[in-house]
Amino acid sequence: MTNSHGALTPRRLGIGLISAGWMGRLHSRAYLAVPDKYADLGVIPELVIVADPVKANTDAARRQFGYREATADYRDVLAHPAVQAVSICAPNYLHREFALAAAGAGKPFWIEKPMGVSAAQAADVAQVADAAGLVTAVGFTYRQAPAVEYAKKLIAEGAIGRVTNIHCKFDADYSADPRGARTWRFELAKAGAGVLGDLLSHGFDLAQYLVGSPVSAVSAMTETFVKERPEPGAGTGHGVQVSDDARLLPVENEDYAAVLARFASGVVATFESTRVGVGSRCDYGVQVHGTAGAIGWNFERLNEIAICSAPSSRDYGYARELSDHRFGDFARFQPGAGMGLSFDDLKTIEGARFIQSVTSGSQLAPSVADALATSQIAAAAQQSVKSGAWVSVPAPTGKTTFDR
Ligand SMILES: NC(=O)c1ccc[n+]([C@@H]2O[C@H](COP(=O)([O-])OP(=O)(O)OC[C@H]3O[C@@H](n4cnc5c(N)ncnc54)[C@H](O)[C@@H]3O)[C@@H](O)[C@H]2O)c1
């Protein structure tokens, strides 16, 4: 649509947010950044209504991001006539209910990972979204890093030869303090798996995205190092308090996982993750080895890749390449190398892919099928922990995007 001066009039897209915790706030910032970084999309997201049972969170979302309305009930978001797309940023156990309701209301949604507390819940969401013909987005944020996109391109072009093996680690210290509250993340019913869902869903997606092939079988072990944590006191999300006399509650899912994996393409991999790793802040890295080189990326240095080309002599090693205009969407954020993107910027890229998916009707963002694929790997790993045997992972179904 053009205005009286012949200029393109941006289309307005009504946004509803369900859950205004850490991720809900981040989705909001991403929507607000899209018209600046992705002006060519010609879309201005309008923050219409936010739902969260904690009034302090909806008050803050209205004040900080400008949501016009607030409610405690997510159904008000889905029923709102001005809402055309929805963000679902709730704890994992609410994902299935909220996503099925969004699909029922015909609203495309951007949902956080892991998509539910089990592979069965993820399968329900994927099936219903596909049946409704909806485009979706899932918060596989790390594949949005321009350096990761560049690494994927180099790997596809054969820069490291035939990929042989991957080492992927998602080590964090966010629960390293045993006095940290036993929030929903440590409860089976509310989170499902521990690091297999919370952190390795990212790792599984990242590895599959980089090599464009699905994991086909796994063998795994898990461990819970901190067996009990204090009951949460006042506050929500990452601001939750713990009193000195709080009673201890059991930690019901794993702090640590190690997974051996085979990919359908023949690539083999090791995945490792901890959430109690003293010294590992956000040590989320992937190392892809090939017959003619290797490429490494780590979130703690998200604006660079380490690349090693085939040795022509004994004198060789990794070279560091800083992100610049050749790397994915880097140029939309910064004019030159050395001026880095942040985690929030990766979420803006994800938000732009979602918006572009909604307005074009093509699935461009990571999809519910991608999320189901990672949940099925996690479920196979859980089975392997119980049986001690290798377990096959079902072939992905639906509109996966990791293999494009
Ligand atoms: N993509 C990523 O890198 C990334 C990072 C962190 C978290 N996550 C995912 O985002 C999701 C949310 O995590 P978070 O860290 O924002 O959690 P959080 O605890 O900070 O926020 C959760 C919010 O949900 C709200 N909520 C609870 N019950 C609700 C209900 N019935 N209706 C609506 N809202 C409700 C809470 O009040 C809170 O505001 C999780 O699935 C998590 O795995 C993804």
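Residues numbered from 1 in each chain as written. Predicted model: local features only at pLDDT ≥ 70, side-chain atom pairs only at ≥ 80, totals over all residues. Heavy atoms only, no water.

Strands sit in the order S3-S2-S1-S4-S5-S6 across an open sheet of 6 strands; the sheet is parallel. For this open sheet the edge positions go to strand S3 (69-71) and strand S6 (136-138), each flanked by a neighbour on one side alone. Strand-to-strand twist across the sheet, computed as the mean angle between neighbouring axes with direction ignored, equals 25°. As judged from the 3 bridges shared by strand S5 (residues 109-111) and S6, these two strands associate in the parallel manner. (Pairing = 2+ DSSP bridges. Helix = DSSP H or I, 4+ residues; strand = E, 2+ residues; numbered from the N terminus. Axes fitted to C-alpha atoms, helices over the stretch in contact; angles between N-to-C directions.)

Membership of the largest hydrophobic core comes to 84 residues, with the highest contact counts inside it found for Ile166, Phe263, Phe271 and Trp297. Looking at which domains feed residues into this core, each of domain 1 (11-141) and domain 2 (143-341 + 364-392) gives three or more. Ile166 has contacts with Ala207, Val211, Phe263, Val267, Val268, Ala269, Thr270, Val286, Gln287 and Val288, leaving out every residue within four places of it along the chain. Core analysis: the second largest hydrophobic core is formed by 29 residues, Ile111, Leu134, Ala371 and Leu372 among them. (Core = buried A, V, L, I, M, F, W, Y, C linked by side-chain atoms within 4.5 Å. Buried < 20%, exposed > 50% of the residue type's maximum accessible area, 1.4 Å probe, protein only. Domains from an automatic or database assignment. Contact = heavy atoms within 4.5 Å.)

What follows is about unusual backbone geometry. Between Lys113 and the following residue, Pro114, the backbone shows a cis peptide bond with an omega angle of -15°. One can find Pro114 in the loop between S5 and helix H5 (119-131). For Ser19, which is not a glycine, the phi torsion comes out positive at approximately 85°. Tracing the backbone through its elements, the reader meets Ser19 in the loop between strand S1 (11-18) and helix H1 (22-37).

Once that is clear, we can look at the site of the ligand. What surrounds the ligand is a group of 29 residues, the closest being Ser19, Met23, Asp52, Asn92 and Lys113. Between the ligand and Trp22 there is a distance of 3.1 Å, counted from an oxygen atom to a backbone nitrogen or oxygen. Between the ligand and Lys113, the relevant distance is 2.8 Å, taken from an oxygen atom to a main-chain nitrogen or oxygen of the residue. Bound to the protein, the ligand loses 90% of the 850 Å² it would expose on its own. Broken down by secondary-structure element, the contributors of at least two residues to the shell around the ligand are H1, helix H4 (95-104) and helix H10 (343-360). Formed jointly, the shell around the ligand draws a minimum of three residues from each of two domains, domain 1 (11-141) and domain 2 (143-341 + 364-392). (Near = heavy atom within 4 Å. Polar contact = N/O pair within 3.5 Å; in protein donor to acceptor, adjacent residues only side chain to side chain. Areas by Shrake-Rupley, 256 points an atom, 1.4 Å probe, with all protein chains shown as cover.)

With respect to the helices and strands, the residue Thr71 is situated in strand S3. A residue is classified by how much of its surface remains accessible, and Thr71, at 12% relative accessible area, is buried. From its side chain, Thr71 meets the backbone nitrogen of Asp73 in a polar contact 3.0 Å long. The residues touching Thr71, leaving out its near neighbours within four places in the chain, are Ile49, Val50, Ala51, Asp52, Thr58, Asp76 and Val77.

Moving on, we get to the layout of surface pockets. Unfilled space is identified by rolling a water-sized probe across the atoms. Roughly 260 Å³ of volume is contained in the second largest pocket. Lining the second largest pocket are Arg143, Gln144, Glu149, Lys152, Tyr209, Arg353, Gln363, Leu364, Pro366, Thr401 and Arg404. (1 Å grid on protein atoms, 1.4 Å probe; cavity = no way out; pocket = protein on both sides within 12 Å on 5 of 7 lines; lining within 4 Å. Points joined across faces, edges and corners; volume = space filled by probe spheres on them.)

The domain boundaries assigned to the chain delineate domain 1 (11-141) and domain 2 (143-341 + 364-392). Its C-alpha centre places domain 1 at a distance of 24 Å from the equivalent point of domain 2. Listed as interface residues are 27 residues of domain 1 and, on the opposing side, 31 residues of domain 2. The junction of domain 1 with domain 2 conceals about 2400 Å² of combined surface from both sides, 63% of it contributed by carbon and sulfur atoms. For the domain 1 face of the interface with domain 2, the top three residues by lost area are Lys37, Tyr38 and Phe140, together amounting to 27%. (Buried area = accessible area lost by both parts, 1.4 Å probe.)

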